Amino acid sequence: MNSALSVPDWPWLLLALLVPAGIWAASRMRRRIVYPGLGEGLPVRRRTLWSVLPQALRAVALGLVVIALAGPVRSVERIVRRSEGVTVQLAFDISSSMLAEDFRPDNRIAVARREVSRFVEKREEDRIGLVAFAGEALTVVPGTLDHDVVLRAVENLNVGQLTDGTAIGTALATAVNRLRDAEEGSRVVVLLTDGDNNRGVIDPLDAAAAASAVGIRVYTIGVGRDGVVPVPIGRTRFGYQYANMEVRVNDELLEAVAQRTGGAYFRATDPEALQRIYDRIDELETAPIREERFTERAAVRREFLIAALIALLVELVAAAGRARRSLA
């Protein structure tokens, strides 16, 4: 916010300087001619002070009155920066294979929750929603600017909340449907999975085509290493039972889905890679920032008149003091 004081016409300012200067010079000359002996016998410093102060205050008061008559204004400029924001739907895989422990010391779902939460915290201006999926898809958060709600929902995601499996097409269609009626602007789906489409009746490429038709970009993320990894095969009262099993992320499918919508596909084989991927998506989906300037103008004539009045009152006090000293 910038503030500035301006006088409408510069001749007024010149007058405010010249008139008091003329009064000052005339008073000095008159005192020397008419009252050549005034002040004799007083100490030099005191005589100079009391002879100068009233005329100086009068000159200042007149200058302030002239400036007030010019109608000075104070301009205050405010700059407001607004971000249009991005509407994001997060599609999060909570199938049982997300418990695979190839991201030790954590499993895949724990690392994914952490990085998704960090991504949400950075997107302050965005409306964000959450879709959880396994063998079916469920909208957990439709889309909100209240990111605390989204963060709590992400933290509560866990395996076993939905029928097991990986319904990528259903998850993408659900996320796209949530974004279809969103306000104009950038609309994005970020889909995270560690497997292949093996459930649901919607083909992922058909869902990608629907997203592309309405201008929605899809970023897909494949999580985990291909090959033999520890995967839960059952659960007892003591926890999950694991067995080494062959798992594979369908890179070709996820890349095709992303490319069809103008997005991008990323592969995360360790926690650090997943962190870099969400950072990269954050960089790619930056909303334009609009800068608006507002100028507020307010007259400050009263302030100058008050200052002039104060100067005149001080002059009267100084003149009275000078008179008393002269009589003494």
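For the structure itself, look to the data block above.
In this numbering scheme, every chain counts its residues from 1 along its sequence in written order. Since the coordinates come from a predicted model, pLDDT governs what is reported: local features require at least 70, and pairs of side-chain atoms require 80 or more to be given and counted, while whole-chain, interface and lining totals use all residues. Based on all heavy atoms of the structure, the side-chain values leave hydrogens and waters out of the count.

Enquirer: Explain the overall build of the protein chain to me, and be specific about the residues and the numbers.
Expert: Where helices and strands are cited, they refer to DSSP runs of H or I of at least four residues and of E of at least two residues respectively, numbered from the N terminus. The number of helices and strands found in the protein chain is nine helices and eleven strands. Only protein chains enter the accessibility calculation, which uses a 1.4 Å probe; a residue is then buried when its area is under 20% of its type maximum, exposed when over 50%, and partly exposed in between. For the protein chain, the residues scored as buried account for 42% of the 328 residues in total. The contact rule is simple, with two residues in contact once any of their heavy atoms fall within 4.5 Å. Residue pairs in contact within the protein chain that sit at least 24 positions apart in sequence constitute 80% of those at least 6 positions apart. Computed with the Shrake-Rupley method and a 1.4 Å probe, the accessible areas treat only the protein chains shown as cover for residues. For the protein chain, the accessible surface area stands at approximately 18,000 Å², while carbon and sulfur atoms represent 54% of it.

Enquirer: Now, about the nonpolar core: what can you tell me, with residues and values included?
Expert: By size, the foremost hydrophobic cluster in this structure holds 39 residues, and its most contacted members are Leu 90, Phe 92, Ile 221 and Leu 274. Within the residue set of this core, elements represented by two or more residues are strand E3 (86-93), helix H3 (108-122), strand E4 (127-133), helix H4 (147-155), strand E6 (186-193), strand E7 (217-223), strand E10 (265-268) and helix H8 (271-284). Per-element tally for this core: the top contributor is H3, with six residues. With near-sequence residues (within four places) excluded, Leu 274 lies in contact with Val 111, Ala 112, Glu 115, Leu 192, Ile 221, Val 223 and Ala 268. Of all hydrophobic cores here, the second largest spans 22 residues; its members include Ala 91, Ala 175, Ala 211 and Leu 253. Working definition of a nonpolar core: buried Ala, Val, Leu, Ile, Met, Phe, Trp, Tyr and Cys residues. They are joined through side-chain atoms within 4.5 Å.

Enquirer: Describe the pattern of salt bridges, listing the residues and the values that go with them.
Expert: Side chains that carry opposite charge are capable of pairing whenever their charged atoms lie near each other. Within this document, salt bridges are pairs made up of a side-chain nitrogen of Lys or Arg and a carboxyl oxygen of Asp or Glu, the two lying within 4 Å of each other. Counted under the stated rule, the structure contains 16 salt bridges. The partner of Asp 194 in a salt bridge is Arg 108, and the shortest N-O contact between them spans 2.8 Å. Of this pair, Asp 194 sits in the loop between E6 and helix H6 (204-213) while Arg 108 sits in helix H3, placing them 86 residues apart in sequence. Assigned by exposure class, Asp 194 and Arg 108 land together as buried. Residue Arg 118 pairs with Asp 279 through a salt bridge whose shortest N-O separation is 3.0 Å. Here Asp 279 lies in helix H8 and Arg 118 lies in helix H3, a separation of 161 residues in the sequence. One salt-bridge network, held together by shared partners, links Asp 106, Arg 114, Glu 115, Arg 118, Lys 122, Arg 123, Asp 126, Asp 279 and Asp 282.

Enquirer: Now, about the pairing of E3: what can you tell me, with residues and values included?
Expert: On a regular strand, one side chain projects to one face of the sheet and the next to the other, so that they alternate. Taking burial as the measure, the eight residues of E3 include eight buried ones, the bulk of the element. Here E3 runs beside E6; their pairing, made up of seven bridges, is parallel. Within E6, the residue paired with Phe 92 across the bridge is Leu 192. Relative to E4, E3 runs parallel, the two being bridged by seven bridges. Bridge pairing in E4 links Asp 93 to Phe 133. In this fold, E3 hands off to H3, which returns the chain to E4; that crossover is right-handed. At least two DSSP bridges between two strands are needed for those strands to be called paired. Throughout, right-handed denotes a crossover for which the path from the first strand over the helix to the second runs clockwise when the strands point away from the viewer.

Enquirer: Would you mind going over a nonpolar patch on the surface in detail, with residue names and values included?
Expert: Residues qualify for a patch when their relative accessible area is over 30% and they have no salt bridge, like charges being joined within 9 Å and the nonpolar side chains of Val, Leu, Ile, Met, Phe, Trp and Tyr within 5 Å. Together, Ile 306, Ile 310 and Val 314 make up an exposed nonpolar region whose accessible area comes to about 250 Å². As for its placement among the helices and strands, Ile 306 is situated in helix H9 (residues 301-327).

Enquirer: Break down the packing of helix H5 (residues 168-180) against H6 for me, citing the residues and quoting the values.
Expert: Axes, fitted as lines to C-alpha atoms, cover a helix only where it is in contact. Angles between the N-to-C directions of the axes lie from 0 to 180 degrees. Contact pair H5 / H6: the axes reach a minimum separation of 8 Å and the direction vectors enclose 15 degrees. It follows that H5 is roughly parallel to H6 by the angle criterion. Here the hand of the crossing between H5 and H6 comes out left-handed. For the pair formed by H5 and H6, the contact residues are Ile 168, Gly 169, Leu 172, Ala 173 and Val 176 on the first element and Pro 204, Ala 207, Ala 208 and Ala 211 on the second. Asp, Glu, Lys and Arg are counted as charged, while Ala, Val, Leu, Ile, Met, Phe, Trp, Tyr, Cys and Pro are counted as nonpolar; the rest, among them Gly, fall into the polar class. Each residue belonging to the contact of H5 with H6 can be placed in one class, and the counts come to eight nonpolar, one polar and no charged. If an angle is under 35 degrees, it is roughly parallel; if it is over 145, roughly antiparallel; if it lies from 65 to 115, roughly perpendicular; otherwise it is oblique. Working rule for handedness: look at the near helix, and if it is turned counterclockwise from the far one by less than a right angle, call the crossing left-handed; if clockwise, right-handed.

Enquirer: Tell me about the packing of H6 against helix H7 (residues 251-261), residues and numbers included.
Expert: Running from N to C, H6 and H7 point in directions that differ by 15 degrees, and their axes come no closer than 8 Å. One element, H6, and the other, H7, form an angle in the roughly parallel class. Considering only the axes of H6 and H7, their crossing is right-handed. Mapping the contact onto sequence places Pro 204, Leu 205, Ala 208, Ala 209, Ala 211 and Ser 212 in H6 and Leu 253, Ala 256, Val 257, Arg 260 and Thr 261 in H7. In terms of residue class, the contact of H6 with H7 is built from eight nonpolar, two polar and one charged.

Enquirer: A description of H4 should follow, citing residues and the corresponding values.
Expert: Within H4, the full set of buried residues consists of His 147, Val 150, Leu 151, Ala 153 and Val 154. Down the axis, H4 shows its buried residues gathered within 160 degrees of arc, on one side only. What points out from H4, more than 90 degrees from its buried face, is the exposed set Arg 152 and Glu 155. Buried residues belonging to H4 abut H3, E4 and strand E5 (137-144). Note: the arc covers the axis-to-C-beta directions of the helix.

Enquirer: How would you explain the sheet that holds E4 if you had to name every residue and give the values?
Expert: Two orientations exist for strands paired in a sheet by backbone hydrogen bonds: parallel and antiparallel. Reading across the sheet, the six strands line up as E5-E4-E3-E6-E7-E10 and stay open at both edges, with mixed pairing between neighbours. Two strands in the sheet have a free side with no partner beyond their single neighbour: E5 and E10. Adjacent strand axes in the sheet meet at a mean angle of 15 degrees when their direction is disregarded. Seen against the sheet, H5 touches E3, E4, E5, E6 and E7 and runs at an angle of roughly 160 degrees to E6.

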